[in-house]
Every structure is written in C-alpha cells, then in structure tokens.
Amino acid sequence: MTDHAVSKLLPAAIDRRGFIELLESPPPPFAEGFIAETLAAIVAADQSAVRTRIRSSTLLSFQPDRPPPTGVIAHVGRCGSTLLCRMLDATGAVATFREPEVLIDAALLDDEIVGDAIAAIVGQYAWMANAAARTAVVKLPSHVHMLLDRLAPPARAARVFVIRHPVPVVASLINSPPHWLLRVLAEHGQQGDEDRRTV
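Rules and cut-offs
Residues numbered from 1 in each chain as written. Predicted model: local features only at pLDDT ≥ 70, side-chain atom pairs only at ≥ 80, totals over all residues. Heavy atoms only, no water. Helix = DSSP H or I, 4+ residues; strand = E, 2+ residues; numbered from the N terminus. Buried < 20%, exposed > 50% of the residue type's maximum accessible area, 1.4 Å probe, protein only. Polar contact = N/O pair within 3.5 Å; in protein donor to acceptor, adjacent residues only side chain to side chain. Phe/Tyr/Trp six-rings, centres within 6.5 Å; stacked < 30°, edge-to-face > 60°. Lys NZ or Arg CZ within 6 Å of the ring centre and 35° of its normal. Arc of directions from axis to C-beta. Contact = heavy atoms within 4.5 Å. Pairing = 2+ DSSP bridges. Axes fitted to C-alpha atoms, helices over the stretch in contact; angles between N-to-C directions.

### Re the side chain of Asp89
Here Asp89 lies in helix H4 (residues 81-90). The exposure class assigned to Asp89 is buried, which follows from its relative accessible area of 8%. In this structure the side chain of Asp89 is engaged in a polar contact, spanning 2.8 Å, whose partner is the backbone nitrogen of Thr96.

### Let's talk about the packing of aromatic side chains
Within the structure shown, the criterion is met by two aromatic pairs. On the basis of an interplanar angle of 20° and a centroid distance of 4.5 Å, the ring pair of Phe97 and Tyr125 is categorised as stacked. Taken together, the residues span a long stretch of sequence, with Phe97 in strand S5 (residues 94-98) and Tyr125 in helix H6 (residues 111-131) at a distance of 28 residues. An aromatic cluster of three or more residues is present, and its members are Phe30, Phe97 and Tyr125. For Arg53, the ring lying beneath its charged end belongs to Phe19, and the centroid distance is 4.5 Å.

### Observations regarding H4
Listing the buried residues of H4 in full gives Ser81, Cys85 and Asp89. Each buried residue of H4 sits inside an arc of 85° when the element is viewed along its axis, so together they form one side. Set apart from the buried face of H4 by more than 90 degrees, the exposed residues are Leu83, Met87 and Ala90. In the core, the buried residues of H4 are packed alongside strand S4 (71-75), S5 and strand S6 (135-139).

### Comments concerning the environment of Asp105
Summarising the element assignment, Asp105 is placed in helix H5 (residues 101-107). On the basis of relative accessible area, Asp105 is assigned to the partly exposed category, the value being 38%. When the C-alpha atoms of Asp105 and Ile118 are compared, they prove to be 9.5 Å apart, with 13 residues separating the residues in sequence.

### Notes on the sheet that holds strand S2 (residues 19-24)
Spatially, three strands are ordered S1-S2-S3 in an open sheet, and the strand pairing comes out antiparallel. The outermost strands of the open sheet, each flanked by one partner alone, are strand S1 (9-14) and strand S3 (51-55). The mean inter-strand angle of the sheet, taken between neighbouring strand axes irrespective of direction, is 35°. Bridge count for S2 against S3 is five bridges, and the pairing is antiparallel. Bridging from a neighbouring strand, Ile20 pairs with Ile54 of S3. Strands S1, S2 and S3 of the sheet are contacted by helix H2 (residues 35-45), whose axis makes an angle of about 105° with S1. Contacts from H6 reach S1 and S2 within the one sheet, and its direction differs from that of S1 by about 155°.

In structure tokens:
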C-alpha cells in the first residue's frame, strides 16, 4: 500500500487490541456535521467502499513527519461549535474533524497501546488535511474533555473551549434532542420495561 493511498483513509473504528479500521474517503473538509455522518455517507454511496485494518503502531510508521493539528475544540452541547467548524473550513486553510467517536474508543484502551492509538488517529487527520493543503482541527465530543492534553500539548496546538449560557442550551436540547440522547433514553426505557416485567 502506497503512502498516497494511506493518506486517503479515514479512521472509522478501533478494537481493543489497537487495530484501526479505515475507510477510503474523499478529501476533507467534509460536508456532514459529524465524522459519524461522513462515514455513513461513504458507505451509503458505495457499499464496497475500501476498508483497511491496520495496527496503530504500523499506521504511525506510514505517516510522514507532519505538522500536528492546529487546534482542538472542546465544547458544551448546542453552543455553536459546529458553526465555528464550518467557518474554519470555509477559510480554505483548515479542515475540521468533528466529534470522531473512534477517539473516544481509543482513549479507553489499555495504557500500553492508548498512546499509539490516539497518535495514529490524530496523525491520520493531520495527514489527510495536509494532503488537501489544509491544517487539521479536531472537535471533540462535548463529554470527552480529558483528551485535550493528549491531543494538544500547549506548545503544539491551540485549545479552544466553547461555552454558552445553560438556559438556551437546555431549551435547545428539549426542543430538539440529539440522536445520542434519544438512543440513551430509548435504551433506558427498554431496560425499565424489562425491570417492571420481572417485578
């Protein structure tokens, strides 16, 4: 596999042993609001989309010397962080990678492989962005702020935390619940139904 081919692969998932699954992807920036939606769109457009599975340390060895991500965005929900990402993408100089769930999974791996896993995923984002003549900015999911120090050492990348007054945040969540909250509530409701049936 050539370096050029690897630079087109978007991290999609990671298993407990640190093997990363990657999907062949169009170059960033992506039109979708979140990386999960981009991955779903790639599969929907081509059911035979190329999937590659590679160990984190091996992926790191493929990646050339590259600038680290320009910045990392942490945020509370419904604060305008997606709009900020779209504005950065529109400059033509930045490619944002929005709320990649694969990073959450990587952060939960065993200590001996978590460093390589996170470095390989973030390095892949930087490589993809650089190949498109842009720099990478990673937007974390709102509940994963503990990754900030791993992703953006102070001397290497800017860290931005976007907040909003809690009243409009709660109002927005009530009026238009996010998909992940609906999923959690549905699972909780099903568990409650099962508990009631066993009483």
